[in-house]
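Observations on the model geometry
Chain residues, written in single-letter form:
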Amino acid sequence: MNLIQQIRSSIDSVLTDLYQVESNPDGLLVSDTKKEHEGDFTLTVFAIAKAARKSPEQTGQEVGEALTSRFPALFNRFNVIKGFLNLVLVDGVWITNLLAAPYSEGVLSTFMVEYSSPNTNKPLHLGHIRNNLLGHSVSEILKALGHPVIKVNLVNDRGVHICKSMLAWQRWGNGETPVSSGMKGDKLVGKYYVIFDKELKKEQAELIATGLSEEEAAKQSALMTAVRAMLLQWEAADPAVKELWARMNGWVYDGFASTYARLGIRFDKIYYESETYLLGKKIVEEGLQSKVFYQEADQSVWIDLSAEGLDKKVLQRGDGTSVYITQDIGTAQLRHDEFHPDQMVYVVANEQDYHFKVLKHILTKLGRKWADGLYHFSYGMVDLPTGKMKSREGTVVDADDLIEEMVAEAEKLTLELGKTQGMDQEEMSSLYETLGLGALKYFMLKVDPRKRMLFDPKESIDFNGNTGPFIQYTYARIGSVLRKANAEEAIARASYANITQLHDKERELIKQLARYHESLKAAAKDFNPALIAHFVYELAKSYNSFYHECPIMKEDDKEKAKFRTVLSEKTADKIQQCLHLLGIAVPERM
RNA sequence: GAACCCGUAGCUCAACUGGAUAGAGUGUUGGCCUCCGAAGCCAAAGGUUGCGGGUUCGACUCCCGCCGGGUUCACCA
């Protein structure tokens with residue numbers, strides 16, 4: 001039983017005795033006491049007062065008196081303000097809590113988390129970075145709580161859009177390769193995707209100039225006709241088309257691999273749409289037979305979701321080729337068959353809210369009970385000051401470029417501060433990497449994932465204040481203290497068993513450490529890494545404040561010195577743990 | 001047109017899911033390195049939580065109506 005549970009059950013037993021109210025420790029409104037009042041925990045008593053038919057003040061007083069007299073080892077004193085009962089714990093409770101071993105939750109449900117899900121015709125950009133970091137972090141958080149987690153990626157490697165870059169390369173590429181051009185493979189293929197779009201626009205403008213309407217021009221597009229023909233050839237396994245496809249995708253994967261490696265992103269399993277869409281088509285067939293789907297005159301396959309408040313949705317084109325959702329159906333089935341996860345979490349931007357609603361409905365209508373476990377983790381998009389990023393219009397912040405800039409900034413700052421004495425070249429570049437990526441990752445993860453966020457490339461990302469480097473700095477600083485403290489044999493041998501009184505800053509720090517498990521649980525429940533970011537930020541602040549006021553090795557009382565050393569060590573451990581949950585590395589020196 | 005999401009200090013974000021006087025960072029102003037690491041610490045200033053109603057002991061939070069922004073409703077993915 002942890003501290004908060006202990007407090008809840010103490011209050012609960014007192015309430016039962018005093019007012020014979022129903023027993024429910026988890027339903028009690030217990031929160032941290034606001035810092036302008038004296039106390040560690042606060043019980044909000046309005047609801048209890050109502051049940052007891054007494055005034056909130058009187059109820060608070062009675063409960064407070066009962067608690068301090070019945071549990072003197074836990075509660076030291078209390079005060080009542082309006083309907084709030086503020087409880088002050090005995091300092092020894094905090095010390096015990098600090099030194100207690102962490103506990104685990106037992107066997108928990110299995111999660112599959114899908115994230116990243118790139119297209120093979122676009123290099124990774126800022127939006128993908130947010131996606132990757134969220135997916136990675138949510139997975140780590142679930143694991144930390146004891147859930148088995150399978151991290152998967154779904155590569156969008158087929159479809160009309162892929163044919164676009166293939167066609168463009170065929171027509172205008174002159175045999176260009178990553179080697180011949182010196183370009184990263186994903187960038188090279190992305191270049192041809194953009195070229196296609198430009199050529200298509202040119203063609204459309206020419207057609208419209210001959211007097212066609214926009215709609216007619218789109219219908220008559222020779223380029224789009226060629227693309228559709230290529231997709232048909234691809235689905236028919238035409239060797240030449242398949243060869244080109246495999247070759248160009250290979251370039252892209254090499255490019256992605258280096259970006260993932262630098263970001264520290266890994267997967268347990270990678271799915272390719274090209275390998276799952278056929279299963280999707282099979283299920284479409286099944287749905288037709290069971291009359292869940294129906295066919296239009298042109299042979300296209302649909303589902304009518306108007307009863308669910310949604311529209312009709314196409315599942316297969318008239319020419320028999322499959323659409324986006326077809327492969328998602330197949331992929332979900334495949335994953336269920338292979339791993340039987342209790343929950344399938346899709347980390348996908350909120351612009352696809354509708355798509356996932358539809359997907360879940362379809363699977364449910366097809367009688368897949370496990371569709372209940374589908375959860376769309378819908379995160380907000382990243383905005384630039386100029387508006388939305390559009391890869392086809394070139395208004396994107398490229399992932400590789402951004403990482404490079406952050407690392408360069410870290411280097412510049414570190415050199416300015418002149419803290420690289422005694423480091424060799426390898427140590428220095430690894431430090432810049434740690435700091436630059438730390439700043440970037442923390443920046444992306446500290447905000448509520450569900451909200452859209454603004455990224456201003458000009459103001460870039462800070463290294464002071466509520467930032468990754470601030471927390472990394474706190475860790476490095478503790479490391480420095482501990483290295484020196486370890487040299488002090490006297491401190492190492494001292495005991496701190498007789499400490500009963502805590503300094504305010506010590507107590508604050510221990511209290512913050514004690515909140516870790518609650519934060520972790522909340523972060524897992526909400527799929528919200530920002531809660532971990534806030535927790536670790538508060539922890540770093542508490543430590544810095546403590547550090548400023550409480551001498552550690554310079555403390556004359558050896559027992560106190562030892563205690564503060566242990567407190568520092570626990571703090572450093574927790575910082576490292578939390579940053580790990582965010583995918584952020586920690587430097588020993590900076 | 002319909003559905004969903006969002007509007008909080010100049011800026012970027014919090015607010016324990018209905019609790020106390022709405023908090024941080026940044027920026028601005030001032031203080032702290034003969035003292036374990038100043039990427040730090042301490043302080044000041046900064047708010048009618050988009051607007052108007054309602055629900056109750058209590059509303060940034062829930063309900064209704066406006067205003068502003070975004071996304072989706074494609075045989076694009």
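Residues numbered from 1 in each chain as written. Chains lettered and ligands numbered in written order. Predicted model: local features only at pLDDT ≥ 70, side-chain atom pairs only at ≥ 80, totals over all residues. Heavy atoms only, no water.

**Comments concerning the sheet that holds strand 11 (residues 343-349)**
Applied cut-off: Two strands qualify as a pair provided DSSP detects at least 2 bridges between them. The helix count covers DSSP runs of H or I at least four residues long, the strand count covers runs of E at least two residues long, and both are numbered beginning at the N terminus. Axis definition: a line fitted to C-alpha atoms, over the contacting stretch in the case of helices. Angles run 0 to 180 degrees between N-to-C directions.
Ordered by their spatial adjacency, five strands build an open sheet running 7-6-5-11-12, and the pairing between neighbours is parallel. Looking at strand neighbours, the two that pair on one side only are strand 7 (269-272) and strand 12 (374-379), the edges of this open sheet. On average, each strand axis in the sheet is tilted by 25° relative to the strand beside it, whichever way the strands run. When strand 6 (residues 149-155) meets strand 7, the two strands line up parallel, connected through four bridges. Paired with V155 across the two strands is Y272, which belongs to strand 7.

**Some words on the domain arrangement of chain A**
As a reminder of what qualifies: Segment limits for the domains were obtained from an automatic or database-derived domain assignment. Between two residues, a contact is recorded if the distance between any of their heavy atoms is within 4.5 Å. Accessible area, probed at 1.4 Å, shrinks when two parts are joined; the buried area is that loss added up over both. The term salt bridge refers to a pairing of a side-chain nitrogen on Lys or Arg with a carboxyl oxygen on Asp or Glu at a separation within 4 Å. By the criterion applied in these results, polar contacts are pairs of N or O atoms within 3.5 Å in which, for protein atoms, one can donate a hydrogen and the other can accept it, and in which residues neighboring in sequence qualify only through two side-chain atoms. Residues are grouped as follows: Ala, Val, Leu, Ile, Met, Phe, Trp, Tyr, Cys and Pro are nonpolar; Asp, Glu, Lys and Arg are charged; every other residue, Gly included, is polar.
According to the domain assignment, chain A contains domain 1 (3-89) and domain 2 (399-581). Between the C-alpha centres of domain 1 and domain 2 the distance comes to 34 Å. The interface of domain 1 with domain 2 comprises four residues on the first partner and four residues on the second. Between domain 1 and domain 2, the buried area comes to about 330 Å², and carbon and sulfur atoms account for 45% of it. Looking at the side of domain 1 facing domain 2, the largest losses of area belong to I4, D32 and D40, adding up to 82% of the total buried there. Put simply, domain 1 and domain 2 have two salt bridges between them. In this structure, the salt-bridge partner of D40 is K511, at a minimum N-O distance of 2.8 Å. Viewed at the interface, domain 2 and domain 1 are joined by two residue pairs in polar contact (both at pLDDT 80 or more). Split into classes, the residues belonging to the side of domain 1 that touches domain 2 amount to one nonpolar, one polar and two charged.

**Regarding unusual backbone geometry**
Even without glycine at this site, S117 takes up a positive phi of about 40°. Structurally, S117 is set in the loop between strand 5 (111-114) and helix 5 (126-145).

**Considering the sheet that holds strand 10 (residues 312-316)**
Taken together, the three strands give an open sheet; going across it, the order is 8-9-10, and neighbouring strands pair in antiparallel fashion. The open sheet has two free edges, formed respectively by strand 8 (294-295) and strand 10, since each of these has just one partner strand. Across four bridges, the pairing between strand 9 (residues 301-304) and strand 10 is antiparallel. The residue of strand 10 that forms the bridge with V301 is Q316. Contacting strand 8, strand 9 and strand 10, helix 12 (residues 273-289) crosses the sheet at an angle of about 125° to strand 10.

**Comments concerning the packing of aromatic side chains**
Short version of the rule: Classification of ring pairs uses Phe, Tyr and Trp, with its six-membered ring standing for Trp, and accepts pairs whose centres are within 6.5 Å; under 30 degrees between planes counts as stacked, over 60 as edge-to-face, and the remaining range as tilted. A ring is scored as having a charge over it whenever the NZ atom of a lysine or the CZ atom of an arginine sits within 6 Å of its centre and within 35 degrees of its normal.
All told, the structure shown has 18 aromatic pairs when counted by the stated rule. Here the aromatic cluster, defined as three or more aromatic residues joined through ring pairs, consists of F111, Y375, F377 and F527. The ring of W234 carries the charged tip of K242 above its face, separated from the ring centre by 3.8 Å. In this arrangement the basic side chain of K574 is found over the ring face of Y516, its NZ or CZ atom lying 4.1 Å from the centre.

**So, the pairing of strand 6**
What counts, and what does not: Classification of residues uses two cut-offs on accessible area relative to the type maximum, computed with a 1.4 Å probe and protein chains only: under 20% is buried, over 50% is exposed, and between them is partly exposed. The crossover handedness rule: strands pointing away from the viewer, path from first strand over the helix to second strand clockwise, crossover right-handed.
Extensive coverage of strand 6 is indicated by the burial of seven of its seven residues. Residues V149, K151, N153 and V155 point to one face of strand 6 and I150, V152 and L154 to the other, with burial holding for every one of them. Two strands pair when backbone bridges link them, and strand 5 and strand 6 are joined in this way by four bridges, in the parallel orientation. Bridge pairing in strand 6 links M112 to I150. Handedness of the crossover joining strand 5 and strand 6 through helix 5: right-handed.

**Considering the packing of helix 4 (residues 91-99) against helix 22 (residues 558-581)**
To keep things clear, this is the line we draw: Throughout, the term roughly parallel applies to angles under 35 degrees, roughly antiparallel to angles over 145, roughly perpendicular to angles from 65 to 115, and oblique to all others. By convention the crossing between two helices is left-handed if the near helix lies anticlockwise of the far one by an angle smaller than a right angle, and right-handed if it lies clockwise.
Axis separation between helix 4 and helix 22 bottoms out at 11 Å; the angle between their running directions is 50°. By the criterion of interaxial angle, the relationship of helix 4 to helix 22 is oblique. Two packed elements cross with a definite hand, and for helix 4 against helix 22 that hand is left-handed. Together, I95, L98 and L99 of helix 4 and F563, V566, L567 and K570 of helix 22 make up the contact between the two elements. Looking at side-chain class alone, the contact of helix 4 with helix 22 contains six nonpolar, no polar and one charged residues.

**So, the pattern of salt bridges**
Where charged atoms from two side chains of opposite charge come close, those side chains can pair. By the definition in use, this model includes 30 salt bridges. Between D197 and K201 there is a salt bridge, and its shortest N-O distance comes to 3.3 Å. Of this pair, D197 and K201 both sit in helix 8 (residues 185-209), four residues apart, which is roughly one turn of the helix. Relative accessible area serves as the criterion here: at 11%, D197 is assigned to the buried category. One connected set of salt bridges, linked through shared partners, spans K184, D186, K187, D398 and D400.

**Quick look at the nonpolar core**
Note on soluble globular proteins: their nonpolar side chains tend to be buried together. We apply this condition: What is meant by a nonpolar core is a set of buried Ala, Val, Leu, Ile, Met, Phe, Trp, Tyr and Cys residues, joined one to another through side-chain atoms within 4.5 Å.
I11, L43, L126, L440, M444, F455 and I471 are the most contacted members of the largest nonpolar core, which has 138 residues in total. Top contributing element to this core by residue count: helix 16 (residues 425-445), with 11 residues. Taken domain by domain, this core gets at least three of its residues from each of domain 1 (3-89) and domain 2 (399-581). Setting aside residues up to four positions removed in sequence, L126 forms contacts with V382, L384, M389, V397, L402, M444 and F455. Of all hydrophobic cores here, the second largest spans 29 residues; its members include V284, I325, I329 and I362.

**Here we look at the protein's contact with RNA strand B**
Which entries qualify depends on this criterion: Note on terminology: near, applied to a residue and a molecule or strand, indicates that one of the residue's heavy atoms is within 4 Å of it.
Close to RNA strand B lie 65 residues, the nearest being D298, D311, K419, R452 and D526. Within 4 Å of the protein, atoms of RNA strand B come from sugar and phosphate in 62% of cases. With respect to RNA strand B, the side chain of T42 contributes an N or O atom lying 2.8 Å from a base nitrogen. Between RNA strand B and the protein, one listed contact pairs a sugar or linking oxygen with a side-chain N or O atom of N544 at 3.4 Å. At seven residues, the largest contribution of residues to the surface near RNA strand B is made by helix 21 (residues 529-549).

**Here's the deal with the side chain of D400**
With respect to the secondary-structure elements, D400 resides in helix 15 (residues 399-417). Relative accessible area serves as the criterion here: at 16%, D400 is assigned to the buried category. Of the polar contacts made by the side chain of D400, one reaches the side chain of K184; its length is 2.7 Å. Every residue in contact with D400, bar those within four places of it in the chain, is listed here: K184, D186, K187 and T259.

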